[in-house]
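Chain residues, written in single-letter form:
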Amino acid sequence: MQGRTVLSGMDLKAYLGRLKQNPKYTEEILKLIEDDLRFGLTKEETEEYSGGRYDYRQMCVYSKCLRNGYSKEEKEAILKEGLSGEQMAVALEFYEKGVPMETITEVISSAENTAYTMKRLFTQVLGKIREAESVSGQDMEYAKELMEEIREVAQKIACQEKRYDALNEKLEELGTAEQDAQMQKKLIAQFSEKDKMLEKQQNELNEARAELVKLHREIEKIRKEREALEEQVKKAGKNMPGPVKREKEAESQTGSNLSVMPETMSYPGIEYHAAVVDKEGRFVCFVPVERMERKDRGNVMGSMFSRLFLKKKMDIVKLLAKKDLLPEQLVQIRSAIEKGLSEKQLLVLINSKIPAEQMEEIISIAVYENKMKEA
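Keep in mind the model is a prediction, meaning the values are calculated, not measured.

Caption draft 1: Geometry of the overall build of the protein. Scanning the protein from terminus to terminus reveals 15 helices and 2 strands. Relative to its full complement of 375 residues, the protein shows a buried share of 31%. In the protein, the share of contacts with a sequence separation of at least 24, taken over all contacts with a separation of at least 6, comes to 59%. For the protein, the computed accessible surface area is about 25,700 Å², with 52% contributed by carbon and sulfur atoms.

Caption draft 2: Here's a closer look at the pattern of salt bridges. This structure, assessed with the given rule, holds 12 salt bridges. A salt bridge links Lys373 to Glu369; the shortest N-O distance between them is 4.0 Å. With Lys373 and Glu369 both in helix α15 (residues 356-374) and 4 residues apart, the pair spans about one turn of that helix.

Caption draft 3: Representation of the confidence of the model for the protein. When pLDDT is averaged across the protein, the result is 76; 74% of the residues are at 70 or more. In the predicted structure, residues 250-271 sits below a pLDDT of 50 and forms 22 contacts with residues beyond four places in sequence or in another chain. This stretch, residues 292-312, has a pLDDT under 50; its non-local contacts, to residues over four places away or in other chains, come to 23 contacts.

Caption draft 4: Focus on a nonpolar patch on the surface. Together, Leu167, Leu171 and Leu174 line one region of the surface with nonpolar side chains, adding up to about 320 Å² of accessible area. Locating Leu171 in the fold gives a position in helix α9 (residues 140-238).

Caption draft 5: A look at the packing of helix α12 (residues 316-323) against helix α14 (residues 343-352). Between α12 and α14, the least distance of the axes is 10 Å, while the angle of their chain directions is 20°. With respect to their mutual orientation, α12 and α14 come out roughly parallel. Seen along the crossing, α12 lies across α14 with a hand that is right-handed. In contact with Leu319, Leu320 and Lys323 of α12, α14 contributes Leu347, Ile350 and Asn351. Partitioning the contact of α12 with α14 into residue classes produces 4 nonpolar, 1 polar and 1 charged.

Caption draft 6: Quick peek at the packing of aromatic side chains. Tallied over the full model, the rule gives 3 aromatic pairs. On the basis of an interplanar angle of 50° and a centroid distance of 6.0 Å, the ring pair of Tyr49 and Tyr62 is categorised as tilted. Taken together, the residues Tyr49 in helix α3 (residues 43-50) and Tyr62 in helix α4 (residues 56-68) connect sequence positions 13 residues apart. A relative accessible area of 10% means that Tyr62 is categorised as buried. Between Tyr70 and Tyr95, the aromatic rings sit 5.4 Å apart at their centres with planes inclined by 75°, giving edge-to-face as the arrangement. Taken together, the residues span a long stretch of sequence, with Tyr70 in the loop between α4 and α5 (72-78) and Tyr95 in helix α6 (residues 85-97) at a distance of 25 residues. Relative accessible area serves as the criterion here: at 17%, Tyr70 is assigned to the buried category. On the basis of relative accessibility, which here comes to 18%, the residue Tyr95 falls in the buried class. Above the face of the Phe39 ring, Arg67 is positioned so that its terminal group lies 4.5 Å from the ring centre. In this structure, Lys97 is placed above the aromatic ring of Phe94, and the distance from its NZ or CZ to the ring centre is 5.0 Å.

Conventions and cut-offs
- Residues numbered from 1 in each chain as written.
- Predicted model: local features only at pLDDT ≥ 70, side-chain atom pairs only at ≥ 80, totals over all residues.
- Heavy atoms only, no water.
- Helix = DSSP H or I, 4+ residues; strand = E, 2+ residues; numbered from the N terminus.
- Buried < 20%, exposed > 50% of the residue type's maximum accessible area, 1.4 Å probe, protein only.
- Contact = heavy atoms within 4.5 Å.
- Areas by Shrake-Rupley, 256 points an atom, 1.4 Å probe, with all protein chains shown as cover.
- Salt bridge = Lys/Arg side-chain N within 4 Å of Asp/Glu carboxyl O.
- pLDDT = per-residue confidence, 0-100.
- Patch = residues over 30% accessible without salt bridge, like charges linked within 9 Å, V, L, I, M, F, W, Y side chains within 5 Å.
- Axes fitted to C-alpha atoms, helices over the stretch in contact; angles between N-to-C directions.
- Parallel < 35°, antiparallel > 145°, perpendicular 65-115°, else oblique.
- Left-handed = near helix turned anticlockwise from the far one by under 90°.
- Nonpolar A, V, L, I, M, F, W, Y, C, P; charged D, E, K, R; others polar.
- Phe/Tyr/Trp six-rings, centres within 6.5 Å; stacked < 30°, edge-to-face > 60°.
- Lys NZ or Arg CZ within 6 Å of the ring centre and 35° of its normal.

Put into C-alpha cells, the structure is as follows:
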C-alpha cells in the first residue's frame, strides 16, 4: 500500500461529513464510499465513480473493479460507456469466473444484448470452456470449433432479441393506432355538434329573412294603400262643394286661427285636425284625429284625411334599403312601426344602427314614453 493515502479515524469522519452536505450523495452512495475507504481504497479512487457520471448500480461494479485491482484496460472493457449497471455486473461476474476478456468484449459490443442475454451467452461460454478444460489433450482445433459454436449461438440469440424488439414495436404501433381511433371518434363527435349548431343558426337566419320578406310585403301594401288614398283625396278635392272651397281659400288668405292649428293646441297622440262639413258641404269645425288610427270607419272624410297623413310621412322602404341593416334590426324596426312610434323616433332608431337587442329596449322605452304623454 506504499504511495497510497488512506483515510482513517477523524479524517475519514470529516470527509464523510462534508459529503453528507452534498444532496447528490444518497445514503446508499455514502455507505459504499465509506466501505471502500475502510477497505483501503483512497479518496481519489472513490471519486472516480462518485463524481456523478455513474448511477448507484454502476458505482458498485466500479467499486469491485477497484477492489480487485483491475487494470485500466480491464475497467474500460467491463465499464464500457452505454452499458447499464446490470450489464456491467454480468460482465464482471463472468470475467471473475474465467471467461476471457476477448469474449467479454465481443459480447458487450452488441447493443442489442440485454443483461439477460449476456448472462445466457457467458454461461454457455463458461460451460464450453470448462468442458474443454475437463478433456485432457484437447487440441487447438477443437477449441476453435467450440468458439465457433459459441459465436453461432450468440448470433442466434441476438437475432431472436431483434425479433422480440420488432414484436414490441408492432404492439406499440397497435396501441398508437387505437389512441388515434379514439381521437378520431372524439373529433367526429365535435364536428357533429358544430354541424348541429350551424344548422340551428342557419334556421334562425332563414326565419329572419322570412320576417324581412314579410316586412317588405307589408310596407309595400301600406305604400299602395297610401297611393290609393292620395288618389281618393285628389278626387274628393275636385268634387268639394263651393262654400267649402271658398272657406278654405279665405282661411288660407287671412291666416285665421281656425284654419291653422298651432302646435301648442295639439293633444297628446294627435298629429293633425280634420275638417267636418254638414250635409250641404259647409264647414262646421276641425276635429283632432289620432295618428295612424282609424276609429270611425263610417266617416268617409275622416278616413281619407287619416290616410292622407301617410303621404307626408317618409318612405320607410327606401330609407331602410339605404341603411343596409341586419335582419334582426329590421325585425325590430317593424315592431316599432307596429307599436306606433313617431316618425322622429323611427328616424333616430334607423339612423343609429345599434344592435337589435338595444333596439328592442329602446322601443319599449319609447312606447312607455308615448303612453305617458297620452295620459
